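# Examining the three-dimensional arrangement
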Amino acid sequence: MATINMGDLKQRFQERQYKLTPQRQIVLQAFVDNPGKHLSAEDVHNIVRKQSAEIGLATVYRTLELLSDMDVLQKMDFGDGRSRYEINEDSSEHHHHHLICLSCGTVKEFEDDLLETLETVIARKSNFKIVDHQVKFYGYCDKCQSSRED
């Protein structure tokens, strides 16, 4: 799991002439404190207002968009009408993919090198330089499968 280096982050903000405000740091801390979770703006707002009640939902939305634009966070759409975010792992050589439960909405990460091979074949056959891909599998998690069988 990627970690956020605040020193590097401050430099990235300065390069773009932004300030790493306390509110932005608190929003980032929500991701550090919840590794592996795919948080929506509402999720982040619920987390940060426990620490800092004056941070509004609009501030959270703006901060998430800014951090996404800066490639600090990766923005994802799982088809549930809410954007979700996670720390961008640009150092990772392998892509991770998502398993999304249609019943409870749980999102799990999945990694497999077989998809890297498929990407290479597609790129070669289509003469297309692929720089990224996302794969989402929709179905039912083990808990929802067992409750559907009852």
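For the structure itself, consult the block above.
Everything in this summary refers to the structure shown in the same document.

Conventions adopted
Residues numbered from 1 in each chain as written. Predicted model: local features only at pLDDT ≥ 70, side-chain atom pairs only at ≥ 80, totals over all residues. Heavy atoms only, no water. Helix = DSSP H or I, 4+ residues; strand = E, 2+ residues; numbered from the N terminus. Buried < 20%, exposed > 50% of the residue type's maximum accessible area, 1.4 Å probe, protein only. Contact = heavy atoms within 4.5 Å. Areas by Shrake-Rupley, 256 points an atom, 1.4 Å probe, with all protein chains shown as cover. Pairing = 2+ DSSP bridges. Axes fitted to C-alpha atoms, helices over the stretch in contact; angles between N-to-C directions. Patch = residues over 30% accessible without salt bridge, like charges linked within 9 Å, V, L, I, M, F, W, Y side chains within 5 Å. Salt bridge = Lys/Arg side-chain N within 4 Å of Asp/Glu carboxyl O.

### Here we look at the overall build of the chain
Assigned secondary structure in the chain consists of 6 helices and 6 strands. Beginning at the N terminus, the succession of helices and strands in the chain can be written as α-α-β-α-α-β-β-β-β-α-β-α. Considering the chain as a whole, with its 150 residues, one finds that 33% of them fall into the buried category. Of all intrachain contacts in the chain linking residues separated by at least 6 positions in sequence, the fraction that spans at least 24 positions is 48%. Summing over all exposed atoms, the chain offers an accessible surface of approximately 9800 Å²; the carbon and sulfur share of this is 47%.

### What to know about unusual backbone geometry
We note that Q17 has phi near 60 degrees; this positive angle belongs to a residue other than glycine. Inspection of the secondary structure puts Q17 in the loop between α1 (6–15) and α2 (22–32). Since its relative accessible area comes to 73%, Q17 is described here as exposed. Despite not being glycine, D71 shows a phi value in the positive range, around 65 degrees. Note that D71 resides in the loop between α4 (57–69) and β2 (73–77).

### Remarks on the sheet that holds β2
Within the open sheet, the 3 strands sit side by side as β1-β3-β2. Their pairing is antiparallel. The open sheet has two edge strands with one neighbour each: β1 (39–40) and β2. With 2 bridges joining them, β1 and strand β3 (residues 83–87) adopt antiparallel strand pairing. Bridge assignment links S40 to a residue of β3, and that residue is R84. Strands in contact with α2 are β1, β2 and β3; relative to β3, the strand with the most contacts, it is inclined by about 80 degrees. Contacting β2 and β3, α4 crosses the sheet at an angle of about 110 degrees to β2.

### Structural notes on a nonpolar patch on the surface
Where nonpolar side chains cluster on the molecular surface, the patch consists of L102, Y138 and Y140 and spans about 310 Å² of accessible area. Along the chain, the position of L102 falls in the loop between β4 (97–101) and β5 (107–110).

### So, the pairing of β4
Within β4, 4 of the 5 residues are buried, which leaves the element mostly enclosed by the surrounding structure. In the sheet, β4 pairs with β5 via 4 bridges, with the strands oriented antiparallel. Bridging from a neighbouring strand, L99 pairs with K108 of β5. What sits between the antiparallel neighbours β4 and β5 is a turn of 5 residues, in which G105 has the positive phi angle 85 degrees. Alignment of β4 against strand β6 (residues 136–139), held across 4 bridges, turns out to be parallel. Across the sheet, residue L99 finds its bridge partner in β6, namely F137.

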